[in-house]
Amino acid sequence: VQLQASGGGLVQTGDSLRLSCAASGLAFITYHMGWFRQAPGKERDFVATLSWYGASTHYSDSVKGRFTISRDHAKNTLYLQMNSLKPEDTAVYYCAARHRSRTFPGVTGEGYDYWGQGTQVTVSS
């Protein structure tokens with residue numbers, strides 16, 4: 001199983017980025033998918049999650065209204081559209097897969113079966 005996150009970069013406050021997470025080696029449609037992030041010196045935080053069928057979403061309060069999680073089953077890819085970026089959004093962003101037999105939403109790292117390698121997002125002020 002491989003989750004390949006990409007799309008990070010260095011942007012300015014107010015800019016947008018779209019992260020992608022390409023999944024392989026698993027039945028993508030049978031997994032809830034999530035995004036987490038970890039800033040330097042801080043614990044990993046939940047960002048957003050999307051149910052296996054794509055109809056239900058859940059966001060952290062810090063990103064609600066600015067970020068949108070989505071998935072493309074034809075491409076086995078998860079996305080995170082990030083708008084109105086702020087310096088406090090700076091972190092390494094990780095995608096993760098959680099089997100649909102587990103409860104939704106999963107807002108902690110526990111219960112996620114697979115993790116991607118992370119992509120760095122840096123927002124300058």
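Given the structure is predicted, the values throughout are model-derived calculations rather than measurements. (Residues numbered from 1 in each chain as written. Predicted model: local features only at pLDDT ≥ 70, side-chain atom pairs only at ≥ 80, totals over all residues. Heavy atoms only, no water.)

## Quick notes on the sheet that holds strand E3 (residues 17–24)
Thought 1: If you trace the 4 strands from one edge of the open sheet to the other, you get E1-E3-E8-E7, paired in antiparallel fashion. Of all strands in the sheet, those with a lone pairing partner are strand E1 (2–6) and strand E7 (67–72), marking the two edges. The average angle at which neighbouring strand axes cross in this sheet is 15 degrees, direction not considered.
Thought 2: Pairing geometry for E7 and strand E8 (residues 77–82), over 6 bridges, is antiparallel. Bridging across to E8, phenylalanine 67 finds its partner in methionine 82. (Pairing = 2+ DSSP bridges. Helix = DSSP H or I, 4+ residues; strand = E, 2+ residues; numbered from the N terminus. Axes fitted to C-alpha atoms, helices over the stretch in contact; angles between N-to-C directions.)

## Here's the deal with the state of the cysteines
Thought 1: Taken as a whole, this structure holds 1 disulfide when the rule is applied.
Thought 2: Paired through a disulfide, cysteine 21 and cysteine 95 show a sulfur-sulfur distance of 2.1 Å. Taking the torsion about the S-S bond as the criterion, the cysteine 21 to cysteine 95 disulfide, at about 65 degrees, is right-handed. Linking cysteine 21 in strand E3 with cysteine 95 in strand E9 (residues 91–99), this pair joins segments that are 74 residues apart in sequence. Accessibility classification places cysteine 21 together with cysteine 95 in one group, the buried group. (Disulfide = S-S within 2.5 Å. Buried < 20%, exposed > 50% of the residue type's maximum accessible area, 1.4 Å probe, protein only.)

## Observations concerning unusual backbone geometry
Thought 1: The omega torsion of the bond from phenylalanine 104 to proline 105 falls at 0 degrees, within 30 degrees of zero and hence cis.
Thought 2: Mapped onto the fold, proline 105 is located in the loop between E9 and strand E10 (114–115).
Thought 3: Although it is not a glycine, asparagine 76 adopts a positive phi angle of roughly 50 degrees.
Thought 4: Here asparagine 76 shows up in the loop between E7 and E8.

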